[in-house]
Amino acid sequence: MQRKLTVILSADIVGYSALMERDESGTLARLKENRKSLFDPRVASQGGRTFKVMGDGVLVELPSASSAVTCALDIQDAMEVAEAHRPETDRLRYRIGINLGDVIVEGDDMYGEGVNVAARLQALAEAGGIAVSRNVRDQVAGKVAAEFDDLGPQTVKNIETPVHVFAVRPKTLGVTTAAADKQQKMSICVLPFVNMSGDSEQEYFSDGISEDIITDLSKVSALWVAARNTSFTFKGKPVDVQQVTRNLKVSHVLEGSVRKARGRVRITAQLIDSTGGHVWAERWDRDLNDIFALQDEISEAIVKALKLKLLPEEKRAIERRGTSNAEAYELFLLARQFERTGSERMKPLIVRICERALELDPSFARSWALMSMAKAELSQRGISGFTMNDAQEAAERAVSLAPDLAEGYAALAEALGRGPEMNLAEGEAAIETALKLDPQCYDAHVFAGYIALGQRRYHDSLRHLETAIALDADAYRPAGMVVQVYEALGDRAGALAAARRLRERCERLLRLEPDHSGALGFFVNALADLGEVDRAREWTKRAVLFDPDNMRLHYNLACGMVKVDADFACELLERILPRMTLGWLRWMDIDNSLDPIRTYPRFKAIYADVQTRLAAETER
């Protein structure tokens, strides 16, 4: 029996059982990705070794007490950033305990009192916190950027003598972590403004006003603002403001209402603090053409009420609306709301609305970007009159007009990466710019995941796709690509968990829109992955009947049928073969979904036919 003195870090997820009960497949997929992209790299960077994984629990050996505390602080800080966009109840949070003690070594495993004490310390830590034994505190005091709160001796299960426990927190002087940054700033959640127009069709306008106030306030450096996806989880629900401030750890909440009628707009807003006290309230009744000045006024009034300083460059940034035409702005809000619904039927309508907005104001970059994304979608489906080159031109116009517009670069990345040349490298450069401008941009994360998948950077792909899934509770496309990434990694358990989540999201959407081609394609893939072969065949036939000319649908259905019927998969590919571009061929080269049939003679013939036709077209 070998014994040694070593440092043990014990970590588990807070409220894991409840998270699994609400969303088993999603929670499991998130935890796997979190371990791969966040937890494990930080352990490795400090020379650590994970020697046991028990569901959501992890035991790690580290070479020193200081490396263990540094590792724990880094993990908790990264978790704060990674999960900040989620509602409080849905966040993954670690409790971490660290002990220096005697252990018994048996092969790669370790056990004994040194391990047991670490596990007990972990149970004593707060959610998102770190607890260490006295001997760890003594070893690292003055050596790491941390402060230690003395919790005194604690009696713990199965340990005879009390354990002296210290809670660890990062020093904020000279070292600003994401959590400390939020604590040092005023913080606010802007709840979705209530539509008081008496017309549900005006919902797009009240939502748009709410989103733009969030965007404006986010430009104030002295203020931390909850992301749109977090704020909109409260839409249409009775809200306890004090509960919101506790759950989101914000100091203030803004709520209000919008009424639009007969060319006028009435907005009420009130700022409430964490005690439930009203800090400020105001009502405006203006001509609709004054909407931009009104939005500026609202944002500046909130900043003033919070007693914050608005820097000149921040004031200028808030006042840059992209258009001074109220009608063009209202049309953009309408098109954006249609895009948010996810309905594919709306894509041609989005293009028409954006075209009208651009007739009113040709310099409105946000309309160019939104139109580009809709055109790219229609081009992928093979709809006549829409090309990826048109989408690229619209995106280039957007970024030339507004070099600080994240959506413009996201649209450009899609047009480049999915275009005739499938230029993933240029698409990657555009997407990096988009994410620098807006780290919470849904479209940027989706396409960053697509690009990383095409470049076989699978862990990067998972990180971006899971972020996109968190940003949109109904998103099916990133959920579908996550399944493919797990398959590429050879992680069968991860793929099955992700497929269950995908099936659930697609079923939810198909109940509302039975012919939604995007959801149909991914739904068939999920059914095939989960062994529901008869349902996969039935839904494939139904999808082809619903949308017989949709190129992307046929391709995605083929990727699902690959797993159950190679000939049916090839038949689906043969139907779109005459319209395949060089970009399609290049994607087929790297698409791991097609790996099971790459040596199948019928597939090889399809691939050769595409190559021959494209070569002949190039020579002409």
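Details of the structure are given in the entry above.
Residues numbered from 1 in each chain as written. Predicted model: local features only at pLDDT ≥ 70, side-chain atom pairs only at ≥ 80, totals over all residues. Heavy atoms only, no water.

A. A look at the pattern of salt bridges. What the rule picks out here adds up to 43 salt bridges. In this structure, Asp 207 engages Lys 235 in a salt bridge whose closest nitrogen and oxygen atoms are separated by 2.9 Å. In this pair, Asp 207 sits in helix H7 (residues 203-218) while Lys 235 sits in the loop between helix H8 (228-231) and helix H9 (241-248), placing the two residues 28 residues apart along the sequence. For Asp 595, the salt bridge is made with Arg 598, and the minimal N-O distance between the two is 2.8 Å. On the accessibility criterion, Asp 595 (43% relative accessible area) is partly exposed. Residue classification places Arg 598 among the partly exposed residues on the basis of a relative accessible area of 24%. If you follow the salt bridges from partner to partner, you end up with Glu 211, Asp 212, Arg 336 and Arg 366 in one network. (Salt bridge = Lys/Arg side-chain N within 4 Å of Asp/Glu carboxyl O. Helix = DSSP H or I, 4+ residues; strand = E, 2+ residues; numbered from the N terminus. Buried < 20%, exposed > 50% of the residue type's maximum accessible area, 1.4 Å probe, protein only.)

B. Examining the pairing of strand E3 (residues 57-62) more closely. Where burial is concerned, most of E3 is hidden: 6 out of the 6 residues are buried. Side chains Gly 57, Leu 59 and Glu 61 project from E3 onto one buried face, and the interleaved Val 58, Val 60 and Leu 62 project onto a second face that is buried too. Two elements, strand E1 (residues 2-13) and E3, share 5 bridges in a ladder whose sense is antiparallel. Following the sheet pairing, Ala 11 is matched in E3 by Val 58. By the bridge criterion, 5 bridges tie strand E2 (residues 49-54) to E3 in an arrangement that is antiparallel. Each residue of the ladder has a partner; that of Lys 52, found in E3, is Leu 59. The antiparallel hairpin formed by E2 and E3 contains 2 residues in its connecting segment, where Gly 55 sits at a positive phi of about 65°. (Pairing = 2+ DSSP bridges.)

C. Here's a closer look at the environment of Glu 466. Locating Glu 466 in the fold gives a position in helix H19 (residues 458-471). Accessibility expressed as a relative area gives 5% for Glu 466, which makes it buried. Taking the C-alpha atoms as reference points, Glu 466 and Val 482, 16 residues apart in sequence, are found 7.6 Å from one another. Apart from the residues within four sequence positions on either side, Glu 466 is in contact with Ala 29, Arg 30, Glu 33, Arg 86, Val 482 and Arg 501. Within the structure, Glu 466 has its side chain in polar contact with the side chain of Arg 501 (distance 2.9 Å). (Contact = heavy atoms within 4.5 Å. Polar contact = N/O pair within 3.5 Å; in protein donor to acceptor, adjacent residues only side chain to side chain.)

D. Structural view of the nonpolar core. Of all hydrophobic cores here, the largest spans 82 residues; its most connected members are Ile 431, Tyr 450 and Tyr 555. If we skip the residues at most four places from it in the chain, Tyr 555 touches Leu 573, Ile 576, Trp 584, Trp 587, Met 588, Asp 591 and Leu 594. Of all hydrophobic cores here, the second largest spans 59 residues; its members include Ala 305, Val 351, Ala 365 and Ala 394. (Core = buried A, V, L, I, M, F, W, Y, C linked by side-chain atoms within 4.5 Å.)

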